[in-house]
Structure formats: C-alpha cells, structure tokens
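Notes for the structure review
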Amino acid sequence: MSLISPAAMLFDEVARIGSIRRAAEHLNVSPSALNRRILNLEAEYGVKLFERLPRGVRLTSAGEVLIADIRRWRAEQDRSRVRLQEMQGLRRGHLAVGLMECLAGDFARDMFETVQQKFSRFTLDVFIGGTAHIIEKLQASELDIAICFNVADLPYIRKLVTFQVPAGIVVSPDHPLAARSSVHLSDCMDFPYILPDATLASRKLIDRALEAANFRAIPSLVTNSSSLLKLLVGDDRHIAFLGPVNIMQELKENRLRFLAVSGRQMPYEELSLVTRSTHAPSAAVQAIIHLLKERMEALPYHSKAV
C-alpha cells in the first residue's frame, strides 16, 4: 500500500503523460472521472494546476511546485521501502543513478552486469544527461547518486570522490597531428575545429583557454552531441575539443586519438561521484557506491582523487 494519496498519484500520471484522456486510458478509468479528481484537487488547493490546451494539458507554475513535491515524496517512500527490506535481511534494493552521455556505453553496461551478478534482486534507474540537469534531479531527490563533470560546490551536494581528467583534442588516426603525444594550442590554429555547446560542462573551460591563447578562429560546428562530434572529426581534417572519457570505445578500437594540451594551457576537468548531502546512504547503496568508485578508477587518463 502506498503512503502517497491516490489523488497525488493520479495528478502525477496526468502531468507525466500531458493528457487527461490518455492518462485515463493508461489508468483504466473514465476521462470524466479523472477530470473531476483533478478539478477537486484544484478546488482543494485553490489554484489552477493545469492549463487546458487543445491537445492536452500543461502544468501551471503552481502545478510545477506540487509535482516536484509529489515526486520527492514518492522517491522518499521508495527509499524507505528499501531500507525496511534491508532491515529484514533481504539482499535487494533500488538505486537511481545519473550518468553523463559519455558513460552510457561500456561503463553503464559493466555497472549493470556487475550489479546483477552481486545483487541479483537489486534494480536500477539510469538517467543520462548533462551536469546541470543531473544536479537538478539530484537536488529534487529524483536521483540517489551521479557521476558528472565539473560539479560546482553546492550546500546540498556531497562529492564522494573526484578525479582529474586532462583536457585536450580528439583527431582521427590519419590527421596530421595524430602522431604526437601532446599539442600546444598554437599547433591547432591551422585546423578547422568543432566545439561542444554550452550544455556540456567542459565548454566554459575550453572558452577560457582559447581566449587566453588568442585563438580567434570560428568553429565549423557547435553541438550538444558528443556522438555527432566524434563522427564528424573522422574526416581527417577537423579537430574536436573533447576529453578522453568521451572516446573510450573509440580509443580501444583505435578509431580516434586523444592528444593532451601541454603546458597547462587548458585546465583539467573534474569527474565526480556525488550524492545529496542531506541523506545517509543505505548499506545496499553504499555497496553500489564502492562499485562505482572502482569503475571510475579504471577509466582512461584519470589521475588520483583530489
């Protein structure tokens, strides 16, 4: 039995789907009955929770406040259920993990396989996104732990471990710079280049470094997709400003090369395992945290924790 009221659950479902009719179909209730429940909820709070649109509904500002609370309550209830199960000696649990896109391949697969081997009754939610979105979801209690780049020092975030990852460029194996082990930024100025956009945490560091080096060329492409960036840099002409963690599979298969920028012209990035500072992790979550630390230590090019 859920401790969250049925009205709150119905409200969450309508907000998630964006349509009273489609939510009613999913819940196997009549649209009119579901609409009445929403109207009663709005009357109880004295505010409009949804804007009625021609093809669905959209949360109002008041609705956004309420849905954030409801989803936090549901996440807290799930954690309480897991802790009670652990008190009964059950080797099970649930964890919501946030990962950067660059960790959505082998890293995520190995994490899942190891969890299944060691904790067969343990379930995972994995959210893939940028640092800003991940930290928002962590703050809203929608995630338990996360691994992301360049996390700001925030009062509600605790960094469990942090590694330094060198900044540099990525080129194809046949690029004129590919035979080098490192480059100066001045070596890159004669080549067209591709940049990550501002949603990726590395962009501010890159911009500062290029400005300090008087790097005035205009990028050929700016994108939020590291997959597209890696594809386009394979033309043997372009360089891309990207870290080695983003190209782990390509490095393994010798499809791309990573060249560190020497002379500390570009600062190291910080890759951190973080959680909320207001919650003590359960024993099961602690075990997964230990596993993730081991996986982070196996990433290429990382240096010791700071």
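**Points about the pairing of strand β1 (residues 50–53)**
Direction of pairing for β1 relative to strand β2 (residues 56–59): antiparallel, over a ladder of four bridges. Bridge assignment links Glu-51 to a residue of β2, and that residue is Arg-58. Linking β1 back to β2 in an antiparallel pair, the connection comprises two residues.

**Looking at the nonpolar core**
Formed by 38 residues in total, the largest nonpolar core has its most connected members in Leu-99, Leu-103, Phe-107, Ile-147, Val-274, Leu-292 and Met-296. Looking at this core, the elements with two or more residues in it are β3 (92–99), α5 (106–118), α6 (131–139), β5 (145–149), β6 (157–165), β13 (269–276) and α11 (283–297). The element best represented in this core is α11, accounting for six residues. The residues touching Leu-292, leaving out its near neighbours within four places in the chain, are Phe-107, Met-111, Ile-145, Ile-147 and Leu-273.

**Some thoughts on the packing of helix α1 (residues 6–17) against helix α2 (residues 20–27)**
Running from amino to carboxyl end, α1 crosses α2 at an angle of 125°, the nearest separation of the two axes being 8 Å. As far as their axial angle goes, α2 and α1 are oblique. In this structure, the crossing between α1 and α2 has a hand that is right-handed. For the pair formed by α1 and α2, the contact residues are Leu-10, Glu-13, Val-14, Arg-16 and Ile-17 on the first element and Ile-20, Arg-22, Ala-23, His-26 and Leu-27 on the second. Classifying every residue of the contact of α1 with α2 gives six nonpolar, one polar and three charged.

**Some words on unusual backbone geometry**
Although it is not a glycine, Asp-236 adopts a positive phi angle of roughly 70°. Judged by its relative accessible area of 31%, Asp-236 is partly exposed. Of note, Asn-254 is a non-glycine position whose phi angle comes to about 60°, a positive value. The topology assignment puts Asn-254 in the loop between α10 (248–252) and β12 (257–261). Residue classification places Asn-254 among the partly exposed positions, given a relative accessible area of 45%.

**With respect to a nonpolar patch on the surface**
A cluster of nonpolar side chains, namely Leu-228, Leu-231 and Leu-232, defines an oily patch on the protein surface of about 260 Å² accessible area. Tracing the chain through its elements places Leu-228 in helix α9 (residues 226–232). Relative accessible area serves as the criterion here: at 34%, Leu-228 is assigned to the partly exposed category.

**Observations regarding the side chain of Asp-12**
Relative to the elements of secondary structure, Asp-12 occurs in helix α1. Discounting chain neighbours no more than four positions away, the residues touching Asp-12 are Ile-67, Ile-70, Arg-71 and Arg-74.

**Describing the packing of aromatic side chains**
Aromatic ring pairs are described here by two measures, namely the spacing of the ring centres and the angle between the planes. Tallied over the full model, the rule gives four aromatic pairs. When the centroid spacing of 5.2 Å and the interplanar angle of 50° are considered together, the rings of Phe-11 and Phe-50 count as tilted. With a gap of 39 residues between them, Phe-11 in helix α1 and Phe-50 in strand β1 connect regions that are remote in the sequence. By relative accessible area, which is 3% here, Phe-50 ends up buried.

**So, the environment of Leu-185**
Mapping Leu-185 onto the fold places it in helix α7 (residues 185–188). A relative accessible area of 0% places Leu-185 in the buried class. Distance from Leu-185 to Lys-293, taken between C-alpha atoms, is 33 Å for residues 108 residues apart in sequence. The residues contacting Leu-185, other than those within four sequence positions of it, are Ala-209, Leu-210, Ala-213, Phe-215, Phe-241, Val-261, Gln-265 and Met-266.

What counts and what doesn't
Residues numbered from 1 in each chain as written. Predicted model: local features only at pLDDT ≥ 70, side-chain atom pairs only at ≥ 80, totals over all residues. Heavy atoms only, no water. Pairing = 2+ DSSP bridges. Helix = DSSP H or I, 4+ residues; strand = E, 2+ residues; numbered from the N terminus. Core = buried A, V, L, I, M, F, W, Y, C linked by side-chain atoms within 4.5 Å. Buried < 20%, exposed > 50% of the residue type's maximum accessible area, 1.4 Å probe, protein only. Contact = heavy atoms within 4.5 Å. Axes fitted to C-alpha atoms, helices over the stretch in contact; angles between N-to-C directions. Parallel < 35°, antiparallel > 145°, perpendicular 65-115°, else oblique. Left-handed = near helix turned anticlockwise from the far one by under 90°. Nonpolar A, V, L, I, M, F, W, Y, C, P; charged D, E, K, R; others polar. Patch = residues over 30% accessible without salt bridge, like charges linked within 9 Å, V, L, I, M, F, W, Y side chains within 5 Å. Areas by Shrake-Rupley, 256 points an atom, 1.4 Å probe, with all protein chains shown as cover. Salt bridge = Lys/Arg side-chain N within 4 Å of Asp/Glu carboxyl O. Phe/Tyr/Trp six-rings, centres within 6.5 Å; stacked < 30°, edge-to-face > 60°.

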